[in-house]
Amino acid sequence: METPNEILTELLGIAPDLSRHGISRVPYAVPDGFFEGFAENLMNRIHKEAAEFSEPQTGQQNAEVSSLLEISDISPLLAGLKNKNTYQVPEGYFENLKPIIPELETYPVTIKSKQAPVFSLKFIKYAVAACIVALLGTAIFNQTYHKNTDPIKDLTLVSDQDMANYLDADDIHWTPGISASSVATDYNENDIHDLLSSVPDDELEQYSTLLPEEKRNVN
Amino acid sequence: MAEQTTDTELLALFREPATKEKAFTDIIKKYQERLYWHIRRMLVDHEDSNDTMQNVFIRVWNALAGFREDAQLYTWLYRIATNECLTFIEQQKKRASVSFNELESGLSNKIRADKDFDANKLEWKLQLAIQQLPEKQRVVFMLRYYDEMPYEEMSRVLETSAGALKASYHHAAKKIEDFILNH
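No experiment lies behind these values; they were computed from the predicted model shown.

K.L.:
Just to check I follow, could you spell out the overall build of chain B for this structure?
P.N.:
In terms of helices and strands, chain B carries nine helices and zero strands. N-terminal to C-terminal, the α/β element order of chain B is α-α-α-α-α-α-α-α-α. The proportion of buried residues among the 183 residues of chain B is 32%. Long-range pairs, those at least 24 residues apart, make up 59% of the contacts in chain B between residues at least 6 apart in sequence.

Structure below.
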């Protein structure tokens, strides 16, 4: 624990002028006999307040006193404004109000019970939202899936037999950019024989079995 | 007699119904002057200081039975007194709807209005200089300068670290010295 000498030494280091003799004397005057009577005066006050508090009062009075003390502590300004009414009331307002109240008793109020709907509005909202999300999701999925598919690659998954069956079933003759008639004029019988001579016989036989009856004879 | 009885003994007597009032009166007599001057240096005016000190001891009367003795009694009393002073200053500000600076100059005016005021005397200049400080710094300076309170005790009174209090005191002392030398 610091000693007074240490505290004085500290002060001499910071502000030596503040350690000058006499400067620390507080120059305020105190009324004569103040300290001699203070304790007794204070105990009298404590007894008085205790007696006032313990007097039989209505609960309402006690509540009023304590709430007034509370607001006085927080804001004396508000405590002063507490009982000041700023609004005006038309003359005879409260007198005229009374006869209305008995009339209300002749008309009993019935409360109609409301039946809750089978499907609450909230449920319908969630269902609609879910449908919209599903539709959007499906559309996005389809678009993404089809975009990323490679038709050429997918063709390799189809067998030759299936491809031939498809072509024959629909009698589809694939023609390139040139017309069939131009092909016919470009190739004569000798040219066809020359082309076919390079194809092995067993392949030709295999191919001919795939053709319809009328197309099997090759001259 | 109050000076010779230790705080522990006084507290024990206070807790007995038969000796409660006597013990409390002894506590008042033991600490009233120290607390009064602490309050008076903060509030300047005697009547304000008297009212505040009464409020302090009424709080002590109501709360002393539950005092845990984990701190010195006088530390606890100083804490209550300091809080009451700061509360009083706040209420004064609200009542008058003035800023702190306007209130502070009001306290300086009260000092100047004192019948014994002498602007040439250092002790009056010191009181004026103290009023220039912010509230908390003012408390720190006065507890250290006048009451010679160690930083460790002060930290329990003001619930601030000793290091922060030391820095605050150093600044306050320099400011006050500058004020005195320049006025």
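K.L.:
Explanation requested: the overall build of chain A in the structure shown.
P.N.:
In terms of helices and strands, chain A carries 11 helices and zero strands. Split into buried and exposed, the 219 residues of chain A put 2% on the buried side.

K.L.:
I keep staring at the nonpolar core and nothing clicks. Help me out?
P.N.:
One recurring pattern in soluble globular proteins is that nonpolar side chains are buried together. Residues and elements named next belong to chain B. Core analysis: the largest hydrophobic core is formed by 48 residues, its most contacted members being Leu35, Ile39, Val140, Phe141, Met154, Ala173 and Ile176. With 10 residues, the single largest contributor to this core is helix H2 (residues 20–43). For this core, the domains that each give at least three residues are domain 1 (1–97) and domain 2 (99–183).

K.L.:
Is there a simple way to explain the interface of chain A and chain B in this structure?
P.N.:
Interface extent is often summarised as the accessible area lost during association of the parts. Contacts between the two partners involve 30 residues from chain A and, on the opposite side, 36 residues from chain B. Elements represented by at least two residues in the side of chain A that touches chain B include exactly helix H1 (4–14), helix H2 (34–54) and helix H4 (76–81) of chain A. Among the elements that line the side of chain A that touches chain B, the one with the most residues is H2 of chain A, at seven residues.

K.L.:
Honestly, the environment of Ile7 of chain A in this entry has me stumped. Any pointers?
P.N.:
As for its placement among the helices and strands, Ile7 of chain A is situated in helix H1. Residue classification places Ile7 of chain A among the partly exposed residues on the basis of 18 C-beta atoms within 10 Å.

K.L.:
Just checking my understanding: could you explain the packing of helix H7 (residues 135–145) of chain B against helix H8 (residues 151–158) of chain B for this structure?
P.N.:
Working note: a packed helix pair is described by the angle between its axes plus the distance between those axes. All names here are of chain B. Closest axis-to-axis distance for the H7/H8 pair is 11 Å, and the angle between their directions is 140°. Classified by the interaxial angle, the pair formed by H7 and H8 is oblique. Crossing of H7 over H8 shows right-handed handedness. Of the residues in H8, those touching H7 at Val139, Val140, Leu143 and Arg144 are Met154, Val157 and Leu158. A breakdown of the residues in the contact of H7 with H8 according to their chemical character gives six nonpolar, no polar and one charged.

K.L.:
Mind showing me how you'd approach the confidence of the model for chain A here?
P.N.:
Summary statistics for chain A give a mean pLDDT of 73 and a share of 56% for residues scoring 70 or more. Across residues 176–184 of chain A, confidence stays below pLDDT 50; counting only partners more than four residues off in sequence or on other chains, it has two contacts.

K.L.:
Even after reading the chapter, I still don't get unusual backbone geometry, so can you show me in this structure?
P.N.:
Peptide bonds are, in most cases, trans, and in most cases residues other than glycine have a negative phi. Residues and elements named next belong to chain B. A positive phi angle is found at Val44, which is not glycine, with a value near 75°. Note on placement: Val44 falls in the loop between H2 and helix H3 (46–63). Residue classification places Val44 among the buried positions, given that 21 C-beta atoms sit within 10 Å. The backbone of Glu159 sits at a positive phi, close to 55°, despite the residue not being glycine. Along the chain, the position of Glu159 falls in the loop between H8 and helix H9 (162–182). Overall, the presence of 8 C-beta atoms within 10 Å leaves Glu159 in the exposed class.

K.L.:
Can you walk me through the packing of helix H1 (residues 7–14) of chain B against H2 of chain B in this structure?
P.N.:
All names here are of chain B. Between H1 and H2, the shortest axis-to-axis distance is 7 Å and the interhelical angle comes to 145°. As H1 runs across H2, the sense of the crossing is left-handed. Contact residues: Leu10, Leu13 and Phe14 in H1; Lys20, Lys22, Ala23, Phe24, Asp26 and Ile27 in H2.

Rules behind the numbers
Residues numbered from 1 in each chain as written. Chains lettered and ligands numbered in written order. Predicted model: local features only at pLDDT ≥ 70, side-chain atom pairs only at ≥ 80, totals over all residues. Helix = DSSP H or I, 4+ residues; strand = E, 2+ residues; numbered from the N terminus. Buried ≥ 20, exposed ≤ 12 C-beta atoms within 10 Å, placed from the backbone. Contact = placed C-beta atoms within 7 Å. Core = buried A, V, L, I, M, F, W, Y, C linked by C-beta atoms within 7 Å. Domains from an automatic or database assignment. Axes fitted to C-alpha atoms, helices over the stretch in contact; angles between N-to-C directions. Parallel < 35°, antiparallel > 145°, perpendicular 65-115°, else oblique. Left-handed = near helix turned anticlockwise from the far one by under 90°. Nonpolar A, V, L, I, M, F, W, Y, C, P; charged D, E, K, R; others polar. pLDDT = per-residue confidence, 0-100.

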